[in-house]
Amino acid sequence: MFQRKQTYELVPGDILLHPLYRPDGLLFVQKHKKLSESVIQHIKKHYPHYFPFLVVSSEPQLNEFMLAGEHSSRAFVEAMKQLIDVHKQFIQVPITAAMYDIEIEEETDVQPIFLSELNIFAPTWGLIENTLDSTRLLRRAKGIDERLNLIISKDKEILNLYEKIKRYHDVLAIHSINTTSIALMIGLTLELRDEDLINLCLATLFADIGFIEVPKEQFVAYLNSEKANKELLQLHLKRSIELISTSTYCRQKEIIYGILDHHEHFDGVHSPNKKSGEAIHLYGRIIAIAQYYDELVGGYIGEKSYTSFEALEAVWNERGKKLDPHILRIFLDKTTLYKVGQLIQIRPYEWATIIGFTDYIHTPLRPIVQKHDGTAIDLSRKR
């Protein structure tokens, strides 16, 4: 009943039988997502024409597939394992079968899922482990995991709020997941206190929840427009605060200010509330970085999709303008993103290993890299 397809064979209406992860390790498309022409074009940006997928062609077929228990059949499990072996070649962080379908995970010693009560951060452990340049920070991340789960067990409204995001639109849900992962890593590199890391995660997860009270057609129109709708921005900020206030824990002023400030620009230009510099709440400055990067790679805004390499450079170019330059520098210096020996994506489908830098201080995103064929390229000389 299920079909094996490659990128060039995908058509609008195909339904994925597995999640799809971006080359940077973050979530790209959710399991059981019906593909549109726009999503297919984004997929083609990131993956070669022979990249494999498992799909069904319609919702009735999906229902029949699930009711027949075909998702646990030997044929499907084997097809998934073959698919994952190919996907591993294009994803920058280690991936496991459990990230695609927990039922086909053969390992007995499976790491606990980050924020397992929500079950939304499963893919981020590999990303966190590969990105943080410190075992101590990684231990702290796992401690935050435990504390967040304890908070959620006492405040079920947090889980309810996230379920509302999931029911509203998959793009908003994925964006909320990914940006929270990025914000946590930034917060760890800034050496924030545990309480601040927890509050930062919650502020990021619910920063855009106000959009769920906007008609979906208006939300999609906002995504497809490159020019910010100031009236809609103010409305969603107001609604976000009202919604999170249903949670006792999320009523903290730090979480509220973080959400209110995440659209402010560091230089004050285009800031909806005319804030600038450190007058913008720290959480707001961190969320702004996380959201901007994820929007670029995910292709959420203006239908443009960047590789992680292109997106990081675009983020770097906004330092001191849209984004806080000090946070960006600390994050870059205390992670493995641009370190000797690290693999980076220099163009779609092509990876290279960093072997040095011409000028790390001024051009840290322009290293000298070596391709798989042994060719060395100084990216600082390529403009």
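Note that this is a predicted model, so its numbers are computed, not measured. (Residues numbered from 1 in each chain as written. Predicted model: local features only at pLDDT ≥ 70, side-chain atom pairs only at ≥ 80, totals over all residues. Heavy atoms only, no water.)

*Asks:* Give me the packing of helix α8 (residues 194-205) against helix α11 (residues 253-260): which residues, what numbers.
*Replies:* At a minimum axis distance of 9 Å, the contact between α8 and α11 shows a crossing angle of 45°. Our classification of the angle between α8 and α11 gives oblique. The hand of the α8/α11 crossing is right-handed. Seen from α8, the contacting residues are Asn-199, Leu-202 and Ala-203; seen from α11, they are Glu-254, Ile-255 and Ile-259. Each residue belonging to the contact of α8 with α11 can be placed in one class, and the counts come to four nonpolar, one polar and one charged. (Axes fitted to C-alpha atoms, helices over the stretch in contact; angles between N-to-C directions. Helix = DSSP H or I, 4+ residues; strand = E, 2+ residues; numbered from the N terminus. Parallel < 35°, antiparallel > 145°, perpendicular 65-115°, else oblique. Left-handed = near helix turned anticlockwise from the far one by under 90°. Contact = heavy atoms within 4.5 Å. Nonpolar A, V, L, I, M, F, W, Y, C, P; charged D, E, K, R; others polar.)

*Asks:* Before we move on, can you summarise the nonpolar core with the specific residues and values?
*Replies:* Residues Tyr-100, Phe-206 and Ile-244 are the most contacted members of the largest nonpolar core, which totals 106 residues. In terms of residue count, helix α7 (residues 170-189) provides more of this core than any other element does, eleven residues in total. Inspection of this core shows a minimum of three residues originating in each of domain 1 (1-114) and domain 2 (342-381). Those residues in contact with Tyr-100 that lie beyond four places of it in its chain are His-18, Pro-19, Tyr-21, Lys-31, Met-80, Leu-83, Ile-84, His-87, Ile-91 and Ile-95. Listed in part, the 14 residues of the second largest apolar core include Phe-28, Leu-35, Ile-40 and Tyr-47. (Core = buried A, V, L, I, M, F, W, Y, C linked by side-chain atoms within 4.5 Å. Buried < 20%, exposed > 50% of the residue type's maximum accessible area, 1.4 Å probe, protein only. Domains from an automatic or database assignment.)

*Asks:* Before we move on, can you summarise the domain arrangement of the protein with the specific residues and values?
*Replies:* The extent of an interface is frequently quoted as the accessible surface area lost upon association of the parts. Domain boundaries in the protein define domain 1 (1-114) and domain 2 (342-381). Each of domain 1 and domain 2 was reduced to a C-alpha centroid, and the two centroids are 30 Å apart. Residue-level contacts link nine residues of domain 1 with seven residues of domain 2. Taking both sides of the interface into account, the surface hidden between domain 1 and domain 2 amounts to around 590 Å²; carbon and sulfur atoms contribute 55%. On the domain 1 side of the contact with domain 2, Lys-45, Phe-90 and Gln-92 bury the most area, a combined 57% of that side's loss. On the surface where domain 1 and domain 2 come into contact, there are zero residue pairs in polar contact (both at pLDDT 80 or more). Tallied by class, residues from the side of domain 1 that touches domain 2 come to four nonpolar, three polar and two charged. (Buried area = accessible area lost by both parts, 1.4 Å probe. Polar contact = N/O pair within 3.5 Å; in protein donor to acceptor, adjacent residues only side chain to side chain.)

*Asks:* I'd love a proper account of the sheet that holds strand β5 (residues 52-56), names of residues and values included.
*Replies:* Pairing between the strands of a sheet comes from backbone hydrogen bonds, and it takes one of two forms, parallel or antiparallel. Strand order across the open sheet formed by three strands is β1-β5-β2, with antiparallel pairing between neighbours. Since the sheet does not close on itself, it has two edges, and those belong to β1 (3-6) and β2 (15-16), each with one partner. Two strands pair when backbone bridges link them, and β1 and β5 are joined in this way by four bridges, in the antiparallel orientation. Looking at the pairing, Lys-5 lines up with Phe-53 of β5. (Pairing = 2+ DSSP bridges.)

*Asks:* Mind laying out the packing of α8 against helix α12 (residues 282-298), listing which residues take part and the relevant values?
*Replies:* The contact between α8 and α12 brings their axes to 10 Å, and the two run at 55°. Taken as axis vectors, α8 and α12 run oblique relative to one another. The chirality of how α8 crosses α12 is right-handed. Packed against α8, whose contacting residues are Asp-196, Asn-199, Leu-200, Ala-203 and Thr-204, the element α12 presents Tyr-283, Ile-286 and Ile-287 at the interface.

*Asks:* Outline the pattern of salt bridges, supporting the account with residue identities and numerical values.
*Replies:* Within this structure, the stated rule accounts for 24 salt bridges. Residue Asp-194 is joined to Arg-147 by a salt bridge in which the shortest nitrogen-to-oxygen separation is 3.9 Å. Here the residue Asp-194 occupies a position in helix α8, and Arg-147 occupies one in helix α5 (residues 135-154), the gap between them amounting to 47 residues. The class of Asp-194 is partly exposed, set by a relative accessible area of 27%. The exposure class assigned to Arg-147 is partly exposed, which follows from its relative accessible area of 34%. Arg-193 serves as the salt-bridge partner of Asp-196, at 3.2 Å between the closest nitrogen and oxygen. (Salt bridge = Lys/Arg side-chain N within 4 Å of Asp/Glu carboxyl O.)

*Asks:* Please provide a residue-by-residue account of the environment of Phe-28, values included.
*Replies:* Within the fold, Phe-28 resides in strand β4 (residues 27-29). Assessed through its relative accessible area of 8%, Phe-28 is described here as buried. Here the alpha-carbon distance between Phe-28 and Ile-43, two residues 15 residues apart in the chain, equals 8.8 Å. Contact partners of Phe-28, with chain neighbours within four places excluded, come to Leu-20, Tyr-21, Arg-22, His-42, Ile-43, His-46, Tyr-47, Ile-174, Val-297 and Gly-298.

*Asks:* Tell me about unusual backbone geometry, and name the residues and values.
*Replies:* Most peptide bonds take the trans form, and the phi angle of most residues other than glycine is negative. The backbone of His-32 shows a phi angle near 70°, a positive value even though the residue is not glycine. Structurally, His-32 can be placed in the loop between β4 and α1 (37-46). Judged by its relative accessible area of 31%, His-32 falls in the partly exposed class. Positioned with a positive phi, Glu-191 is a non-glycine residue whose angle comes to about 60°. Structurally, Glu-191 is set in the loop between α7 and α8.

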